[in-house]
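Coordinate analysis (summary)
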Amino acid sequence: MAMSPPIASLLGRRGRLQLDDLLASLVVDGFLLGDDAKRVRMGIRAGRATVELHPLVLVANAKLPNQRDPGRPLSLETLTEWLAAKADLPYLKIDPMKINAGAVTQVVSHAYAQRHRILPVAAAPDSVTFATCEPFDAAWAGDLSQMLRRDVKRMVSSPLDINRYLQEFYGVQRSIQMAQDAKGNGYDTSALLNFEQLVELGKTGEVGADDRHVVHIVDWLLQYAFEQRASDIHLEPRREAGQIRFRIDGVMHKVFELPPPVMTAVTARIKILARMDVAEKRRPQDGRIKTRSSAGREVELRISNMPTAFGEKVVMRIFDPDLVVKDFAQLGFSVSEGAQWRSMVERPHGIVLVTGPTGSGKTTTLYSTLKHLATPALNVCTVEDPIEMVATEFNQMQVQASIDLDFAAGVRTLLRQDPDIIMIGEIRDLETAQMAVQASLTGHLVLSTLHTNDAPSAITRLLDLGVPHYLLQSTLTGVVAQRLVRTLCVHCKEPTSQDPQTWAVLTHGWSMPVPEQVFRPVGCLECRNTGFMGRTGIYEMMMLSPHLRALVSAQLDLGKFGQAALDEGMRPLRISAADQVAKGLTTVQEILTVLPPIDALGDSTP
């Protein structure tokens, strides 16, 4: 391949990239055809593109075929990586969750960063790192190094990312500062509460000027969480600075720090949006917010706050309908597991239980199943604590302990509402279990959850609660135990061989051959260098056959019952998990972090 022209030919008068030089170098390097480059120039001259845009963006917007990688357009990231290599500088895909915005925005002013198209991304005592989209315009670096008395390091990033995060980092930081200044100018605690309550007057346009900064911080926080695929947002007050953390794919990530007065204001703003009592700071409260993501999707957030040593801690659980409600394949069911699950839940009556610890995906499984079952010909009713996600297809009731509306009273009410299917959020006590049994005996399908390690243990839990064994024999259809495991990132996972000893630990005596090829996590820009993206379910399905029903007794031997279930064809959690490893979806190490101990009763050798 012909060598590209010297780097100097890419320079304009001020060291900025020029479109003609950029196109010429791309042609020589074999990324573009001469005719394609000519079409881009003609499009610019004809006024079909905005000349003020960065040359890389102009080329990327043309969506020209990449001659180096046929079948794919020449993307902005590809062009930026190429430019970084030309300038002999590192390429950086900006991950805002790894940047301390409060620290980097103190290095240079917004105006200075905007003028030079640079973004501070890291600040250390002896050096500062900047992302730039103009790698050949370096005059500012020397000047800044002298002013700051620190080394200035440069990396090349996408011009769109630099522009976006310039606005976000400096905008949010300015809002935090303005909000902090407002709280420091004579506002006492009662004034702060009144100040926050002014947000409710927003529809009449009477909101104070300072209030908009708190509104900006909350709006940014929610949209940012949606973009990062967070399932929970944690606002945690501390003595020096409040922390904001996101839970992504089951793992917590620190995102941001807020000064305590601003954290208090943000908490009050969220409580107002969730219709909670802003003045009540001593008791825990629950609420919900309905909003929209930047893509226009309706998203629900369930809010819970509690008093701590340094203020109110708030947790917002995000329920995106597109993510919560899935078909059975997306839940992680294999073809046989999907068929078995449908055979349990498509019956006219009986009790079907989903078990597992908190955060194991039970809610998603039940909501997805109810969506599958709900038709205009059926009356689907739920009693929940709280209602996780409002769905138009169901009739949903929320438990209200303050007025003695518990699960049992809720089910008793639903039985008078002519239901076909009843979903009980959780069976916690004997009265609720008895009402579930009663609903099943009177011809209703009942779905509910329990907290047990495996499927057979659900029988003993119900017996321990006091449900007679003969009623379980006649009403219980099946039990499904489940866990959630992180799935490997499809963009960066690499094939590797499976260690037989580790495989033996996972399969624990089951005669499953060691897979010829499995995959390992690597880490890339798409998965934020974790190696994992998203989660899937692993399942242990136990249908009660006539033989198993006969074994249910007041003095049930759980070991023998679990063995009998295995003999009947139940596949334990670890074997369902081993299938996911063999398919290349996850790793043995990831599975072992979520499975119950090997001596758990449902995991014995058949």
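This is a predicted model, so every value here is computed, not measured. (Residues numbered from 1 in each chain as written. Predicted model: local features only at pLDDT ≥ 70, side-chain atom pairs only at ≥ 80, totals over all residues. Heavy atoms only, no water.)

This part is about the overall build of the protein chain. A tally of helices and strands in the protein chain yields 24 helices and 18 strands. Expressed as a percentage of the 606 residues in the protein chain, the buried residues total 51%. Across the protein chain, every contact between residues at least 6 apart in sequence was considered, and the portion connecting residues at least 24 apart equals 65%. As displayed, the protein chain offers around 28,000 Å² of accessible surface, 51% of which is attributable to carbon and sulfur atoms. (Helix = DSSP H or I, 4+ residues; strand = E, 2+ residues; numbered from the N terminus. Buried < 20%, exposed > 50% of the residue type's maximum accessible area, 1.4 Å probe, protein only. Contact = heavy atoms within 4.5 Å. Areas by Shrake-Rupley, 256 points an atom, 1.4 Å probe, with all protein chains shown as cover.)

Turning to the UniProt feature "domain: Bacterial type II secretion system protein E" (unreviewed entry) in the protein chain, a few remarks are in order. The UniProt record marks residues 415-429 with the feature "domain: Bacterial type II secretion system protein E" (unreviewed entry), using the residue numbering of this structure. With 0% helix and 27% strand, residues 415-429 has end C-alpha atoms that lie 18 Å from one another. (UniProt positions renumbered as here; feature names shortened; annotations may be inferred.)

This next bit is on unusual backbone geometry. Positive phi, normally seen in glycine, also occurs at Arg-149, with a value near 60 degrees. For Arg-229, which is not glycine, the phi dihedral falls at a positive 60 degrees. The residue Arg-229 is located in the loop between α10 (211-227) and β4 (232-236) in this model.

Turning our eyes to something else, we now look at the nonpolar core. Membership of the largest hydrophobic core comes to 58 residues, with the highest contact counts inside it found for Ile-233, Leu-235, Ile-244, Phe-246 and Met-316. Counting the residues that make up this core, at least three belong to each of domain 2 (96-167) and domain 3 (199-322). In contact with Phe-246, not counting residues within four places along its chain, are Met-97, Leu-221, Tyr-224, Ala-225, Gln-228, Ala-230, Asp-232, Ile-233, Val-251, Met-252, His-253 and Val-255. Judged by nonpolar contacts, the second largest core, of 44 residues, contains Phe-407, Ala-455, Leu-462 and Val-479. (Core = buried A, V, L, I, M, F, W, Y, C linked by side-chain atoms within 4.5 Å. Domains from an automatic or database assignment.)

Next up on the list: the sheet that holds strand β6 (residues 251-258). Backbone-to-backbone hydrogen bonds pair the strands of a sheet. The strands run either parallel or antiparallel. A sheet is described by the order of its strands in space; here six strands give the open sequence β6-β5-β4-β9-β8-β7, paired in antiparallel fashion. Looking at strand neighbours, the two that pair on one side only are β6 and β7 (285-292), the edges of this open sheet. Strand-to-strand twist in this sheet, taken as the mean axis angle between neighbours without regard to direction, amounts to 20 degrees. (Pairing = 2+ DSSP bridges. Axes fitted to C-alpha atoms, helices over the stretch in contact; angles between N-to-C directions.)

Time to look at the pairing of strand β18 (residues 532-543). Most of β18 is tucked away: nine of the 12 residues are buried. When strand β15 (residues 476-488) meets β18, the two strands line up antiparallel, connected through 10 bridges. From the neighbouring strand, Leu-484 faces β18, where its bridge partner is Gly-537.

The alternating pattern of strand β13 (residues 421-424) places Ile-421 and Met-423 on one face and Ile-422 and Ile-424 on the opposite face, and all of these are buried. Pairing of strand β11 (residues 380-384) with β13 involves four bridges; the strand directions are parallel. Looking at β13, one finds that Val-383 is bridged to Ile-424. Two elements, β13 and strand β14 (residues 445-450), share four bridges in a ladder whose sense is parallel. Bridged to Ile-422 within β14 is Val-446. Considered for its hand, the β-α-β crossover made up of β13, helix α17 (residues 430-441) and β14 is right-handed. (Right-handed = clockwise from strand over helix to strand, strands pointing away.)

So, about the sheet that holds β11. Spatially, the seven strands line up as an open sheet ordered β12-β11-β13-β14-β10-β15-β18, and their pairing is mixed. In this open sheet, the two edge strands, each paired with only one partner strand, are β12 (395-398) and β18. When the angles between neighbouring strand axes are averaged without regard to direction, this sheet yields 20 degrees. Bridging between strand β10 (residues 350-355) and β15 involves five bridges; their strand directions are parallel.

Below, the discussion takes up the side chain of Asp-249. Within the secondary structure layout, Asp-249 lies in the loop between β5 (242-248) and β6. The buried category is assigned to Asp-249, whose relative accessible area is 13%. Engagement of the side chain of Asp-249 in a polar contact is seen with the backbone nitrogen of Gly-534, the distance being 2.9 Å. When sequence neighbours within four positions are dropped, the list of residues in contact with Asp-249 reads Arg-229, Arg-486, Phe-532, Met-533, Gly-534 and Arg-535. (Polar contact = N/O pair within 3.5 Å; in protein donor to acceptor, adjacent residues only side chain to side chain.)

Turning to the packing of aromatic side chains, a few remarks are in order. This structure, assessed with the given rule, holds nine aromatic pairs. Here the aromatic rings of Phe-31 and Trp-82 are separated by 6.3 Å at their centres, their planes lie at 65 degrees, and the arrangement is edge-to-face. Separated by 51 residues along the polypeptide, Phe-31 in the loop between α1 (19-28) and α2 (34-45) and Trp-82 in helix α4 (residues 76-87) bring together distant segments of the chain. By the burial criterion, Phe-31 is buried, and Trp-82 matches it. Between Phe-130 and Trp-140, the ring centres sit 5.3 Å apart and the planes meet at 75 degrees, which makes this aromatic pair edge-to-face. Pair noted here: Phe-130 is in strand β2 (residues 127-132) and Trp-140 is in helix α7 (residues 139-148), with a separation of 10 residues, a long-range link. Aromatic rings pair up to connect Trp-220, Tyr-224, Phe-246 and Phe-256 into one cluster. A cation over an aromatic ring shows up here: Arg-486 above the ring of Phe-532, its NZ or CZ 4.2 Å from the ring centre. Lys-493 extends its terminal NZ or CZ atom over the ring of Phe-519, reaching a point 4.7 Å from the ring centre. (Phe/Tyr/Trp six-rings, centres within 6.5 Å; stacked < 30°, edge-to-face > 60°. Lys NZ or Arg CZ within 6 Å of the ring centre and 35° of its normal.)

Below, the discussion takes up helix α14 (residues 335-345). What sets the pattern is the α-helix's 3.6 residues per turn: residues three or four places apart point alike. All of the buried residues along α14 are Glu-337, Gly-338, Trp-341, Met-344 and Val-345. Each buried residue of α14 lies within a common arc of 125 degrees when the element is viewed along its axis, so the set occupies one face. For α14, exposure combined with an orientation more than 90 degrees from the buried face picks out Val-335 and Ser-336. (Arc of directions from axis to C-beta.)

Further remarks concern the packing of helix α20 (residues 500-507) against helix α23 (residues 573-582). α23 packs onto α20 with a crossing angle of 140 degrees between their chain directions and a minimal axis gap of 8 Å. Our classification of the angle between α20 and α23 gives oblique. Residue-level contacts link Trp-503, Val-505, Leu-506 and Thr-507 of α20 to Arg-574, Ile-575, Ala-578 and Val-581 of α23. (Parallel < 35°, antiparallel > 145°, perpendicular 65-115°, else oblique.)

Residue placement: Thr-432 occurs in helix α17. Apart from the residues lying within four places of it in its own chain, the contact partners of Thr-432 are Phe-407, Ala-408, Ile-424, Glu-426 and Ile-427.

Compared with an ideal rise of 1.5 Å per residue, which puts 12 residues at 16 Å, α17 spans 16 Å between its outermost C-alpha atoms and is within 8% of the ideal. When we look at burial in α17, the residues that qualify are Thr-432, Ala-433, Met-435, Ala-436, Val-437, Ala-439 and Ser-440. Against the buried residues of α17 lie β10, α16 (407-414), β13, β14, α18 (457-465) and α19 (469-475). Downstream of α17 by a residue or two, Gly-443 has a phi angle that is positive, lying close to 95 degrees. (Expected span 1.5 Å × (residues − 1).)

So, about the environment of Lys-281. Here Lys-281 shows up in the loop between α11 (260-273) and β7. Remark: the alpha-carbon pair of Lys-281 and Glu-312, spanning 31 residues in sequence, is separated by 6.9 Å.

It is worth spelling out the pattern of salt bridges at this point. Across all of its chains, the model carries 28 salt bridges by this definition. Among the ionic pairs, Arg-164 bridges to Glu-227, the shortest N-O distance being 2.2 Å. Within this pair, whereas Arg-164 is found in helix α8 (residues 159-184), its partner Glu-227 is found in helix α10, the two being separated by 63 residues in sequence. The partly exposed category is assigned to Arg-164, whose relative accessible area is 29%. For Glu-227, a relative accessible area of 39% translates into the label partly exposed. The residue Asp-385 makes a salt bridge to Arg-428 at a minimum N-O spacing of 3.3 Å. Here Arg-428 lies in the loop between β13 and α17 and Asp-385 lies in the loop between β11 and β12, a separation of 43 residues in the sequence. (Salt bridge = Lys/Arg side-chain N within 4 Å of Asp/Glu carboxyl O.)

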